[in-house]
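# Working through the structure, step by step
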Amino acid sequence: MTDTTGMDILQPTIALMIWTMIIWAWMYATRIPAMQKAQVDVDSMVKDPDASLDRSLPASVQWKAHNYNHLHEAPTLFYAVAIVLAILGHGDGMNAFLAWIYVGLRVVHSIVQVTANKVMVRFILFALSSVVLIALIAKAAMLVFA
């Protein structure tokens, strides 16, 4: 049997990966039909530096793509710190709890962005998730540099 001490943090890590793929599917489920409806010529679009899907597609369609991109920004730090904490055997207890809070905030941030896209609400959720991420990074730093 494998020792899984400190590995609880991998659950929210995988949950955020799954959520990212849900947003990926939602993005393409809305974007491809919108591109067909707008008759977007992707071959000519890549040759025009001023062309963009943001100009060609409805904003509500692009919100999903923007959120998918956002899920590859700050969450990359989350993935790294979660793996570090798991390797060090400190990915359980409060650290796992904080990781779940981070994932919950990112999921709510996504839902807000891909539906109503209220920027101030998104900002507050992003700021809160960043504070949680900072706490996880600080905990990992204390362990690594102790």
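Below or above, wherever it landed, is the structure these notes cover. (Residues numbered from 1 in each chain as written. Predicted model: local features only at pLDDT ≥ 70, side-chain atom pairs only at ≥ 80, totals over all residues. Heavy atoms only, no water.)

## Observations concerning a nonpolar patch on the surface
A cluster of nonpolar side chains, Met7, Leu10, Ile83, Val84, Ile87, Leu88, Leu143, Val144 and Phe145, forms an exposed patch at the surface whose accessible area comes to about 800 Å². The element that contributes the greatest number of residues to the nonpolar patch is helix H5 (residues 74-87), accounting for three residues. With relative accessibility at 43%, the residue Ile83 sits in the partly exposed group. (Patch = residues over 30% accessible without salt bridge, like charges linked within 9 Å, V, L, I, M, F, W, Y side chains within 5 Å. Areas by Shrake-Rupley, 256 points an atom, 1.4 Å probe, with all protein chains shown as cover. Salt bridge = Lys/Arg side-chain N within 4 Å of Asp/Glu carboxyl O. Helix = DSSP H or I, 4+ residues; strand = E, 2+ residues; numbered from the N terminus. Buried < 20%, exposed > 50% of the residue type's maximum accessible area, 1.4 Å probe, protein only.)

## Description of the packing of aromatic side chains
Under the defined criterion, the tally for this structure stands at three aromatic pairs. Ring geometry for Phe78 and Tyr79: centres 5.9 Å apart, planes at 55 degrees, overall tilted. For the residue pair Phe78 and Tyr79, the accessibility class agrees, reading buried in each case. (Phe/Tyr/Trp six-rings, centres within 6.5 Å; stacked < 30°, edge-to-face > 60°.)

## Some details on the nonpolar core
Counting residues in each nonpolar core, the largest one holds 28 residues, and the members touching the most others are Leu16, Phe78 and Tyr102. With eight residues, the single largest contributor to this core is helix H6 (residues 93-114). Contact partners of Phe78, with chain neighbours within four places excluded, come to Pro12, Thr13, Leu16, Ala99, Tyr102, Val103, Leu133 and Leu136. Core analysis: the next-biggest nonpolar cluster, separate from the first, contains seven residues, Ala34, Met35, Val40 and Met45 among them. (Core = buried A, V, L, I, M, F, W, Y, C linked by side-chain atoms within 4.5 Å. Contact = heavy atoms within 4.5 Å.)

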